[in-house]
Amino acid sequence: MSQRSLFALCLMSFFLADVRDGLGPFLGIFLTERHWRPDEIGLVMTCGGIAGLLATLPAGIAADATRHKKMIVLLGCLVITVATLLLWYSNQTWTAMVSQIVAGIAAAFIGPTVAGITLGLTGQRGFNHQMGRNEAFNHGGNTIAALLAGFSAWYWGMGAVFILMTVMAVFAAFATLAIRGDEIDNDVARGYEQHEERQPALSLSMLMRKPALMTAGVTLLLFHLANAALLPMLSMRVASAGGQAAVSPGLYAAATVVISQLVMIPVALWVSKRVETHGYRLFIMVALMILPLRAVIAAGFAGPIFVIPVQVLDGIAAGILGVAVPGYIVSLMRGTGHVNAGQSVIMLMQGVGAALSPAMTGMIAARYSYSTAFAVLGAIALAALIIWWRTGSSPATRLA
């Protein structure tokens, strides 16, 4: 493959950072400023997550089957942008629901497709290194976008965040077009290696019964059930304080993103160089150990300054998982022809947790308190750690 395509892939990851998640943590602030309650906001986020879930497995199948992976990314950027701009135009309940549902479906197709493009360009031997670069550029994109969004929201208002996302989508499209399609080996992209004997193709039902895959899936489902709502709830707690808050809620949300993203960049690069030596299971274990500690800090300390340790720890965990989990699945599914379907199974189970997390946490916060909600998230995170520690699978913990 050419360096041009690999660099374009990095740039695509950079600009997609602000596109895939739509408004991200700014959605909660945008709706809170329009007098939505935490449980209403959580419900809207959950609807978008559920729609994405329904599209996740078809997205992985499409990523394995299609020879037009770049087109999927381009269409995803277009659909997410239009859906998010619809929310800016009108924040009525039905508009917000439609916006998040459509964006969730489109975003579901981007993840496995980008993983397929990466594997098709690099093969298994170069996958971890390139995924580390992808993640570093992705986190860099999140950092720049959050800084620009935070300043823009403070200076011009929340509407500027929508404009910024649109601009990032345009640049993501240009970067995608710069990848040379003829350099993507579509057989390698689905898990077949050149000059290797191919295993019989697994049915999707067999994939779902693969013990190692299911163990990883259940563990990450619980992880994201505990993790997905933590950052939005931190931002919403500041926004709900109104005039008592020492900082603008928009700037606070930007700061929470920037802190974690700056940590993720070196962590992702470091892990990509060492995961083959130490194995995937150890790195995933370390990431799982971090989340309960984040939840304890968030539950016990309400001051804005305590966002710093919470988000530094988030950056370490996310930087590890962003490289270790895709690499683990690629190694586990090697030779099956269903690598991206396997990735989508994991994304599906992660998505179940992430989709339920905002509604569950929003209801707890509305009925009890934010501290109680964070304590519940910590307990769920601890359960994920125990499951991985007790039943974590041994196969494919290292690259063959």
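My aim in this report is to walk through the structure given alongside it, one point at a time. (Residues numbered from 1 in each chain as written. Predicted model: local features only at pLDDT ≥ 70, side-chain atom pairs only at ≥ 80, totals over all residues. Heavy atoms only, no water.)

Concerning the pattern of salt bridges
Note that side chains of opposite charge can pair when their charged atoms are close. Tallied over the entire structure, the rule returns two salt bridges. The residue aspartate 314 makes a salt bridge to arginine 294 at a minimum N-O spacing of 3.3 Å. Taken together, the positions of aspartate 314 in helix α12 (residues 307-332) and arginine 294 in helix α11 (residues 280-300) put the pair 20 residues apart, joining distant regions of the chain. Relative accessible area serves as the criterion here: at 11%, aspartate 314 is assigned to the buried category. (Salt bridge = Lys/Arg side-chain N within 4 Å of Asp/Glu carboxyl O. Helix = DSSP H or I, 4+ residues; strand = E, 2+ residues; numbered from the N terminus. Buried < 20%, exposed > 50% of the residue type's maximum accessible area, 1.4 Å probe, protein only.)

A short note on the packing of aromatic side chains
Throughout the structure, instances matching the rule amount to six aromatic pairs. Plain terms: the ring middles of phenylalanine 14 and phenylalanine 15 are 5.0 Å apart, the flat faces sit at 85 degrees to each other, and that makes the pair edge-to-face. Phenylalanine 14 gets classed as buried once you look at its relative accessible area, which sits at 18%. On the basis of relative accessibility, which here comes to 16%, the residue phenylalanine 15 falls in the buried class. On the basis of an interplanar angle of 70 degrees and a centroid distance of 6.0 Å, the ring pair of tryptophan 270 and phenylalanine 283 is categorised as edge-to-face. With tryptophan 270 in helix α10 (residues 249-278) and phenylalanine 283 in helix α11, this pair connects stretches of sequence that are 13 residues apart. Classification of tryptophan 270 as partly exposed rests on a relative accessible area of 41%. (Phe/Tyr/Trp six-rings, centres within 6.5 Å; stacked < 30°, edge-to-face > 60°.)

Brief notes about the side chain of aspartate 314
Side chain to side chain, aspartate 314 and arginine 294 meet in a polar contact 3.3 Å long. In this view, aspartate 314 contacts Asn227, Ser260, Met264 and Arg294; residues no more than four positions away in its chain are not counted. (Polar contact = N/O pair within 3.5 Å; in protein donor to acceptor, adjacent residues only side chain to side chain. Contact = heavy atoms within 4.5 Å.)

Notes on the packing of helix α8 (residues 211-227) against α12
In the contact formed by α8 and α12, the axes pass within 12 Å of each other and the chain directions differ by 160 degrees. Of the possible angle classes, the one that applies to α8 and α12 is roughly antiparallel. When the axes of α8 and α12 are compared, the crossing they make is left-handed. Where α8 abuts α12, its residues Ala212, Leu213, Ala216, Leu220, Phe223 and Asn227 lie against Asp314, Leu321, Val325, Tyr328, Ile329 and Leu332. Taken together, the residues that form the contact of α8 with α12 break down as ten nonpolar, one polar and one charged. (Axes fitted to C-alpha atoms, helices over the stretch in contact; angles between N-to-C directions. Parallel < 35°, antiparallel > 145°, perpendicular 65-115°, else oblique. Left-handed = near helix turned anticlockwise from the far one by under 90°. Nonpolar A, V, L, I, M, F, W, Y, C, P; charged D, E, K, R; others polar.)

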